[in-house]
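Chain residues, written in single-letter form:
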Amino acid sequence: MAVLTVGDDFPQYDFQAVVGGVLADLPVNREEDYFCRVSSADVKKDQWRLVVMWPKDFTFVCPTELAGIAEIYDELKKRNCEVVAVNTDSEYVHLAWRSKDELLRSIPFPLATDPKHDFLKTVGVLNVEGVCDRASFLVDPNNKIQFVCVDADSVGRNAKELLRQLDALQSGGLTSCGWHPGEPTLDVFKAATNLVSLNL
């Protein structure tokens, strides 16, 4: 199936996940305390979502990406954007990975699993090897995809660029190449007037 794209409705989901937060500080009394549900039914009104997929746990590029997203997590929250992170590995593998990899021990968002791969197939990011492509989606409060990017396995995504994309989408205007928050958006009327004056 083709990768879902801008303007498509984002599919519903209900995942088992490892809870976010500093592992050493979690109030854990039993095994179940390490896990939670991540469901599209719990998305709040006016909520944006950054949905990320990565190929495999216990690999090399993937922990740097999740740690990079963790670094911008507070900024995402300020923009009313929650992180949904999911791949094909089980919640137990996620927990073991978080426990072993220092970059992941304080990830503030849950790491979810899609064991039957139904969601990942629907989104179009389950590759021929049966694992996720390195994909990122920004989903608006109307459940419409506004940004999608799929990177090669060997190339880590840029968390700051994901934040810039969100800022551009939330700016309410047209943004030029390389636009950053605080810069003006494009004045369409002025641009159109300039074109007319050129007698094109």
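It should be emphasised that the depicted structure is a prediction, and the values quoted were computed from it without experimental measurement.

### Section: the UniProt feature "active site" (unreviewed entry) in the protein chain
Phase 1 of the analysis: Within the UniProt annotation, "active site" (unreviewed entry) is assigned to C62.
Phase 2 of the analysis: Checked against the element boundaries, C62 lands in helix α1 (residues 61–71).
Phase 3 of the analysis: Given a relative accessible area of 2%, C62 falls into the buried group.
Phase 4 of the analysis: Residues in contact with C62, not counting those within four places in the same chain, are W54, P55, K56, W97 and R134.

### Concerning the nonpolar core
Phase 1 of the analysis: Ranked by size, the top nonpolar core spans 24 residues in total, and within it L50, L66, I69, L76 and F109 carry the most contacts.
Phase 2 of the analysis: When residues of this core are traced back to their parent elements, those giving at least two are β3 (48–53), α1, α2 (73–78), β4 (81–87) and α5 (159–170).
Phase 3 of the analysis: Element by element, the count of residues in this core is highest for α5, at four residues.
Phase 4 of the analysis: Aside from chain neighbours lying at most four places away, what touches L76 is L50, I69, C81, V83, L163 and L166.
Phase 5 of the analysis: Formed by 20 residues, the second largest nonpolar core is a distinct cluster that contains F10, A17, M53 and F137.

### Considering a nonpolar patch on the surface
Phase 1 of the analysis: A surface patch of nonpolar side chains, amounting to about 280 Å² of accessible area, comprises L174, L186 and V188.
Phase 2 of the analysis: Relative to the elements of secondary structure, L186 occurs in the loop between α5 and α6 (188–197).
Phase 3 of the analysis: Given a relative accessible area of 48%, L186 falls into the partly exposed group.

### Let's talk about the packing of aromatic side chains
Phase 1 of the analysis: What the rule picks out here adds up to 10 aromatic pairs.
Phase 2 of the analysis: Arranged with centres 5.1 Å apart and planes meeting at 65°, the rings of F35 and Y92 form a pair that is edge-to-face. Note that F35 is positioned in strand β2 (residues 35–39) and Y92 in helix α3 (residues 91–100), a separation of 57 residues in sequence.
Phase 3 of the analysis: Residue class for Y92 comes out partly exposed when judged on its relative accessible area of 47%.
Phase 4 of the analysis: Measuring from centroid to centroid gives 5.9 Å for Y73 and F109, while their planes differ by 45°, and the two rings are tilted. On the criterion of sequence distance, the pair formed by Y73 in helix α2 and F109 in the loop between α3 and β5 (111–113) is long-range, its members being 36 residues apart. One exposure class covers both Y73 and F109, and it is buried.

### Notes on the sheet that holds strand β6 (residues 134–139)
Phase 1 of the analysis: One open sheet accounts for seven strands, arranged β2-β1-β5-β4-β3-β6-β7; its pairing is mixed. In the strand order of this sheet, the two ends are held by β2 and β7 (145–151), each with one partner. Between one strand axis and the next, the sheet turns by 30° as a mean value, whatever way the strands run.
Phase 2 of the analysis: Relative to β2, strand β1 (residues 14–18) is paired through five bridges, and the arrangement is antiparallel.

### Description of the state of the cysteines
Phase 1 of the analysis: Taken as a whole, this structure holds zero disulfides when the rule is applied.
Phase 2 of the analysis: Sulfur of C132: no disulfide; nearest cysteine sulfur belongs to C62 and is 9.3 Å away.
Phase 3 of the analysis: In this structure C132 comes out as buried when scored by relative accessible area, which is 0%.
Phase 4 of the analysis: Left unpaired, C177 is separated from the closest cysteine sulfur, that of C149, by 15 Å.

Conventions and cut-offs
- Residues numbered from 1 in each chain as written.
- Predicted model: local features only at pLDDT ≥ 70, side-chain atom pairs only at ≥ 80, totals over all residues.
- Heavy atoms only, no water.
- UniProt positions renumbered as here; feature names shortened; annotations may be inferred.
- Helix = DSSP H or I, 4+ residues; strand = E, 2+ residues; numbered from the N terminus.
- Buried < 20%, exposed > 50% of the residue type's maximum accessible area, 1.4 Å probe, protein only.
- Contact = heavy atoms within 4.5 Å.
- Core = buried A, V, L, I, M, F, W, Y, C linked by side-chain atoms within 4.5 Å.
- Patch = residues over 30% accessible without salt bridge, like charges linked within 9 Å, V, L, I, M, F, W, Y side chains within 5 Å.
- Areas by Shrake-Rupley, 256 points an atom, 1.4 Å probe, with all protein chains shown as cover.
- Salt bridge = Lys/Arg side-chain N within 4 Å of Asp/Glu carboxyl O.
- Phe/Tyr/Trp six-rings, centres within 6.5 Å; stacked < 30°, edge-to-face > 60°.
- Pairing = 2+ DSSP bridges.
- Axes fitted to C-alpha atoms, helices over the stretch in contact; angles between N-to-C directions.
- Disulfide = S-S within 2.5 Å.

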